[in-house]
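What follows is the residue order along each chain.
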Amino acid sequence: MKTFPDVAIHMLRLARTHRSIALCTTEMVGEFARLTTQAMRDGNQAVVQSHLKFMSGLLRVADEKTREYIDVYYVEELFFGLTLKQKKTAWSWLPANLKQLYVAMWGELE
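Residues numbered from 1 in each chain as written. Predicted model: local features only at pLDDT ≥ 70, side-chain atom pairs only at ≥ 80, totals over all residues. Heavy atoms only, no water.

Core analysis: the largest hydrophobic core is formed by 23 residues, its most contacted members being L52, Y74, F79 and L98. Mapped onto this core, the elements with two or more residues apiece are helix 2 (25–42), helix 3 (45–61), helix 4 (64–74), helix 5 (84–91) and helix 6 (96–106). At five residues, the largest contribution of residues to this core is made by helix 2. (Core = buried A, V, L, I, M, F, W, Y, C linked by side-chain atoms within 4.5 Å. Buried < 20%, exposed > 50% of the residue type's maximum accessible area, 1.4 Å probe, protein only. Helix = DSSP H or I, 4+ residues; strand = E, 2+ residues; numbered from the N terminus.)

Put into structure tokens, the structure is as follows:
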């Protein structure tokens with residue numbers, strides 16, 4: 001939470017709903033993806049790149065389970081609801097290892 005104080009309120013709300021952080025991990029990762037996508041929608045490159053840099057770094061050292069969470073609950077959620085123009089702009093900010101996961105699921109960005 002120290003890394004992304006703007007995200008903390010969202011994560012704490014999920015933890016309270018489930019009465020445990022451990023029970024809402026998938027929702028937290030999905031929420032982080034939604035917040036990244038919202039920053040893409042807003043054109044907030046600094047926020048987007050900080051989120052993507054964090055997830056890319058985590059992916060580089062991830063064990064199998066963490067990699068699965070990043071793939072399924074983060075990368076697959078990115079770009080949802082964005083216009084093609086917003087997607088193309090944000091695509092250029094995506095690190096190669098996250099792009100690779102996205103393309104494996106959804107194919108190349110049109």
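Right, let's talk about the packing of helix 3 against helix 4 for a bit. It is the contact of helix 3 with helix 4, at a shortest axis distance of 9 Å, that shows an interaxial angle of 145°. Contacts from H51, L52, M55, L58 and L59 of helix 3 reach helix 4 at T66, R67, I70 and Y74. In the contact of helix 3 with helix 4, the residues fall into six nonpolar, two polar and one charged. (Axes fitted to C-alpha atoms, helices over the stretch in contact; angles between N-to-C directions. Contact = heavy atoms within 4.5 Å. Nonpolar A, V, L, I, M, F, W, Y, C, P; charged D, E, K, R; others polar.)

On to the environment of Q38, then. Locating Q38 in the fold gives a position in helix 2. Overall, Q38 belongs to the partly exposed group, its relative accessible area being 32%. Once the C-alpha coordinates of Q38 and L78 are considered, the two residues, 40 residues apart in sequence, prove to be 9.4 Å apart.

Evaluation of the coordinates by the stated rule reveals two salt bridges. Salt-bridge contacts for R34 lead to E31; the nearest nitrogen and oxygen are separated by 3.2 Å. One end of the pair, R34, and the other, E31, are both in helix 2, three residues apart, so they sit about a helical turn from each other. A salt bridge links E68 to K65, with the shortest nitrogen-to-oxygen separation between them at 4.0 Å. Note that E68 and K65 are positioned in helix 4 at a spacing of three residues, about one turn of the helix. With a relative accessible area of 39%, E68 lands in the partly exposed category. With a relative accessible area of 49%, K65 lands in the partly exposed category. (Salt bridge = Lys/Arg side-chain N within 4 Å of Asp/Glu carboxyl O.)

Another point: the side chain of T37. As for its position among the elements, T37 is in helix 2. Not counting the four nearest positions on each side in its chain, T37 is found in contact with E77, L78, F79, F80 and L82.

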